[in-house]
Amino acid sequence: MKTSLNCFLFLFLSFSTLCQERQFDPYLTLWYESPAEEWEQALPVGNGRLGAMIFGGIAEERVQINEETHWTGGPYSTTVEGGYMYLPEIQKNIFEGKPLVAHKIFGRHLMGYPVEQQKYQSTANLHLFFPENKETSGYRRWLDMGTGIVHVEYESGGVRYHREVFVSEPDQVIIIRLSSDSENALSFRAQLRGVRNMAHSNYATDYFRMDGIGDDGLVVYGKSADYLGVEGQLRYRARLKAVNKGGTIRVEGTELIVEDADAVTLCIVAATNFVNYRDVSADPELRIQNYLDNIKGKSFDRLKISAVEDYKGLFDRVCLELPVTDNSYLPTGERMKALTDSPDPALAALAYNFGRYVLISSSRQGTQPANLQGIWNEDMNPSWDSKYTTNINTEMNYWPVESGNLSECAEPLIKMVRELSDQGSDVAREHYGAGGWVFHQNTDLWRVAAPMDGPTWGTFTTGGAWLTTHLWEHFLYTSDIKYLEDVYEIIKGSVQFFMDFLVEHPNGEWLVTNPSNSPENPPEGPGYKYFYDEVTGMYYFTTICYGSTIDMQILHDLFGYFIEAADLLDRDKEFARLVKKARKRLVPPQIGSDGALQEWTEDYGQMEEKHRHFSHLYGLYPGNVISAERTPGLVDACKAVLEQRGDGGTGFSRGWKMALWARLYDGNRANSIFKGYIKEQAYPQLFAKCFTPLQVDGTLGVTAGITEMLLQSHEGLIDILPSLPDEWPAGQFSGVRARGGFELDMEWIDGRLTGLKIVSEAGNICRVKAGPVSGVFCNGRPLVTKQYNDGSIEFETEKGNEYTFQF
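Notes on the structure in this doc start here. The structure presented is a predicted model; accordingly, all values stated were derived computationally and were not measured. (Residues numbered from 1 in each chain as written. Predicted model: local features only at pLDDT ≥ 70, side-chain atom pairs only at ≥ 80, totals over all residues. Heavy atoms only, no water.)

## A few points about helix α15 (residues 573-583)
So, point 1. By the burial criterion, the buried members of α15 are Phe575, Ala576, Val579 and Ala582. Projection of α15 onto a plane perpendicular to its axis shows the buried side chains occupying an angular sector of 120°, all on one side. Seen from the open side of α15, the exposed residues pointing more than 90 degrees away from its buried face are Lys573 and Lys581. (Buried < 20%, exposed > 50% of the residue type's maximum accessible area, 1.4 Å probe, protein only. Helix = DSSP H or I, 4+ residues; strand = E, 2+ residues; numbered from the N terminus. Arc of directions from axis to C-beta.)

What follows is the structure in structure tokens.
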């Protein structure tokens, strides 16, 4: 497939460009000609548990370090006993059009306590101080996503210096290799520094200590901060061990000093006493020692080979290539700026690959899920605490995990949903008088589940239900019945809560959630106005309502998934019958007087005109309630919402819009939004912005949006190139996965498929919409296919077999 694509790409390159030396792969390399000036420009590495941001400084290098379980506080609960007694009064006031009264009662009796949650912390900073350099030249700083290694290189005084930084998953260590092309040319001082919460330094309860160890090591250790009345019970430790080739090495106080070396390998390990959300009994010092014992005697080359092989085992599963242009070979920051005036389709492939890189680096089997900032955080008071926000952000982090052939990386999210059902069961009982389990819009390392922040945010009762749909998506992509049996009770528990919680609408026909909200967007209608909120201490608005559209859509999906799971596993037939009956009574999607899809059961306006969330379009994407094929009468109403709110907003908002327009088969609009995202809401290394704070949700949302432009599988068939932009006339996409347990390799030229291969991993029936197909073959033999009026074809498959298409 690659041969024909490369022939086509030749047309995109001028002769002069082809004659120039190409140093970096435009699909896999982020590269720069100067060091990072701030944390948001640094390059990330990670193994799911350890993360680091590399600045690439010349006189001073900074490597900022995170250990994923370093948070404030310790095991705690935010459940408030007896809140359910006030629920009828809240529901009555909402139905009677008194949202501010309901808001106040909810704030006093159903909010979790503490009202806020714990913070993700920064563990350490490694600073390397180099002798005053002569004039430098040839500086390059780059992230090679083909290997997962960050490099820094420059020349000074006739010597070429090189650094390599990566995080090994097999050996659980951050490796920094410093070398030069001359003997005895490498000298520097190193200090491993702790991080203090300077904003709270006058009364903080966190601390750290810095020491040297022997002749070749440094250590920083400390405890987490008390916060919100929750004792800081975490103990953390990070340790550096240096191995030099040539020269000398020694420790003076808290500094490690290297002189006249040929090369030096710095090994950094870190750990806390965290075992799980209820247990902090581990010994971080013992853990550290075990990590060091494990790498003892291993050469740099051996550590590197092991780390790269492990990483490539995930990353190399998928490859996306799109047409390159002259701009594709510019430094990444310049390349991003040039996109405004000149197409660079390959930049979309780079962004897609970076999203998969981020997910591999921040979410591996046995780790915590990717939080708002993935695994990277330099601030002891990060924006929104760098925790798990589940009214869009955490879900978006995992939108590309299955299609991106990274199913193993979904394990931390699946595990977190299971853990949330623990306190979630308490909250269901005490706050709502219901069975099952419920979770709202935020959690932290300790898996608290009660409403937080305030009623304006905390009345989002379907956060756990939304997360639970990811459990079903994992099954759809894998067809793993044993897995479904394992998570079935979690899905059922979420359904059970809502079967107890749903109340009848005053019209006697519908069932609605009450209280409810449409995340962070205030309705404009009777009883809604700005007011001084006693919970937040702010002059703000309320979002409290009944039966928000997103609630109804999530429950429509959740109930449907449960019904199907119960049928597949032959369980709970009577309960499934009741759920099916209730599902039919959920408020259907409605079109408002302005022609747009209603965000609430009532035909309200909105106080914020260009709101960043598209909650009522959940059913279009990522959900499966609204469809251009199945519900064409709602297409214009969805477009009206998208047009009214425009193509701007935060990084996560733009990633969502890309996917929404892709589901509406408008690839050019999705591509236009991608360009705006690159221009306005992406940092130079392609991390997304949430206006200004760095977040990974938009990064991963863009990856998912690009996938939806090239492949969709939510309609019971695999739709290939459904929303191909005009600027992407040729390309190849290999290893991408579709629901039903299928893995695809495809290529296209002039907007038409020229090659397609599908591997059946589960032996399911395969239905494909791929344009004019003249034949499908398995082991050289033509297959009998069934033709559909929509142009799709269907054929039976066997597990493990490969199917090729002739066009």
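## Structural notes on the sheet that holds strand β7 (residues 149-156)
Note: strands within a sheet are paired through backbone hydrogen bonds, in either parallel or antiparallel orientation.
So, point 1. Read from one edge to the other, the open sheet built from nine strands follows the order β1-β6-β7-β8-β9-β16-β13-β12-β11, with strand pairing classed as antiparallel. Only two strands of the sheet have a single partner each, and these edge strands are β1 (29-32) and β11 (207-213). Between one strand axis and the next, the sheet turns through 15° on average, direction left out of account.
So, point 2. Note that strand β12 (residues 217-223) and strand β13 (residues 235-245) share seven bridges and pair antiparallel. Its bridge partner being in β13, valine 220 is matched across the sheet by alanine 238.
So, point 3. Strands β7, β8 (159-168), β9 (173-180) and β16 (263-272) of the sheet are contacted by helix α6 (residues 300-315), whose axis makes an angle of about 50° with β8. (Pairing = 2+ DSSP bridges. Axes fitted to C-alpha atoms, helices over the stretch in contact; angles between N-to-C directions. Contact = heavy atoms within 4.5 Å.)

## Observations regarding the packing of aromatic side chains
What describes a pair of aromatic rings is the distance from one ring centre to the other and the angle between the planes of the rings.
So, point 1. The tally for this structure, following the rule as stated, stands at 37 aromatic pairs.
So, point 2. Between tyrosine 540 and phenylalanine 541, the ring centres sit 4.1 Å apart and the planes meet at 20°, which makes this aromatic pair stacked.
So, point 3. What links up through ring pairs into an aromatic cluster is the set Tyr311, Phe315, Phe354, Tyr357, Trp376 and Phe687.
So, point 4. Positioned over the ring face of phenylalanine 614 is arginine 645, at 5.7 Å from the centre of the ring. (Phe/Tyr/Trp six-rings, centres within 6.5 Å; stacked < 30°, edge-to-face > 60°. Lys NZ or Arg CZ within 6 Å of the ring centre and 35° of its normal.)

## Brief notes about the pattern of salt bridges
So, point 1. Evaluation of the coordinates by the stated rule reveals 48 salt bridges.
So, point 2. Its salt-bridge partner being aspartate 226, residue lysine 223 comes within 3.5 Å of it at the nearest N-O pair.
So, point 3. Owing to a relative accessible area of 11%, lysine 223 belongs among the buried residues under this scheme.
So, point 4. Given a relative accessible area of 34%, aspartate 226 falls into the partly exposed group.
So, point 5. Residues joined by salt bridges that share partners form a network here, namely Lys92, Glu96 and Lys98. (Salt bridge = Lys/Arg side-chain N within 4 Å of Asp/Glu carboxyl O.)

## Structural notes on helix α12 (residues 463-478)
So, point 1. Between its terminal C-alpha atoms α12 stretches 24 Å, which fits the 22 Å expected from 16 residues at 1.5 Å a residue.
So, point 2. Summarising burial for α12: 14 of the 16 residues are buried, a large majority.
So, point 3. Two residues or fewer past α12, serine 479 is found with a positive phi of approximately 55°. (Expected span 1.5 Å × (residues − 1).)

## Here's the deal with the layout of surface pockets
So, point 1. Of the volumes computed, that of the largest pocket is approximately 610 Å³.
So, point 2. As for the largest pocket, its lining consists of 29 residues, of which Leu476, Ser713, His714, Gly716 and Arg739 are closest to the centre.
So, point 3. Listed by contribution, the elements that provide at least two residues to the lining of the largest pocket are α12, α14 (549-569) and β33 (766-769).
So, point 4. Across the lining of the largest pocket, the residue classes tally to 10 nonpolar, 10 polar and nine charged. (1 Å grid on protein atoms, 1.4 Å probe; cavity = no way out; pocket = protein on both sides within 12 Å on 5 of 7 lines; lining within 4 Å. Points joined across faces, edges and corners; volume = space filled by probe spheres on them. Nonpolar A, V, L, I, M, F, W, Y, C, P; charged D, E, K, R; others polar.)

## Overview of the side chain of glutamate 164
So, point 1. On the secondary structure map, glutamate 164 appears in strand β8.
So, point 2. Among the polar contacts listed, one links the side chain of glutamate 164 to the side chain of lysine 304, at a separation of 2.7 Å.
So, point 3. The contact partners of glutamate 164, leaving out residues within four places of it in the chain, are Ile149, Val150, His151, Ile175, Ile176, Arg177, Phe300 and Lys304. (Polar contact = N/O pair within 3.5 Å; in protein donor to acceptor, adjacent residues only side chain to side chain.)

## Considerations on empty space enclosed by the protein
So, point 1. In the structure shown here, the tally under the stated rule is six cavities of 30 Å³ or more.
So, point 2. Of all the secondary structure elements, the ones that give two or more residues to the lining of the largest cavity are α10 (411-432), α12, α14 and α19 (697-710).
So, point 3. Broken down by element, the residue count for the lining of the largest cavity peaks at six residues, all from α12.
So, point 4. Grouping the constituent residues of the lining of the largest cavity by class yields 13 nonpolar, six polar and six charged.
So, point 5. Approximately 120 Å³ is the volume found for the second largest cavity.

## Quick word on the pairing of β1
One face of the sheet, then the other: side chains in a regular strand alternate in exactly this way.
So, point 1. In β1, alternate side chains face the same way, and those of Thr29 and Trp31 on one face and Leu30 and Tyr32 on the other are all buried.
So, point 2. Here four bridges tie β1 to strand β6 (residues 136-144), and the two strands are oriented antiparallel to one another. Its bridge partner being in β6, leucine 30 is matched across the sheet by leucine 143.

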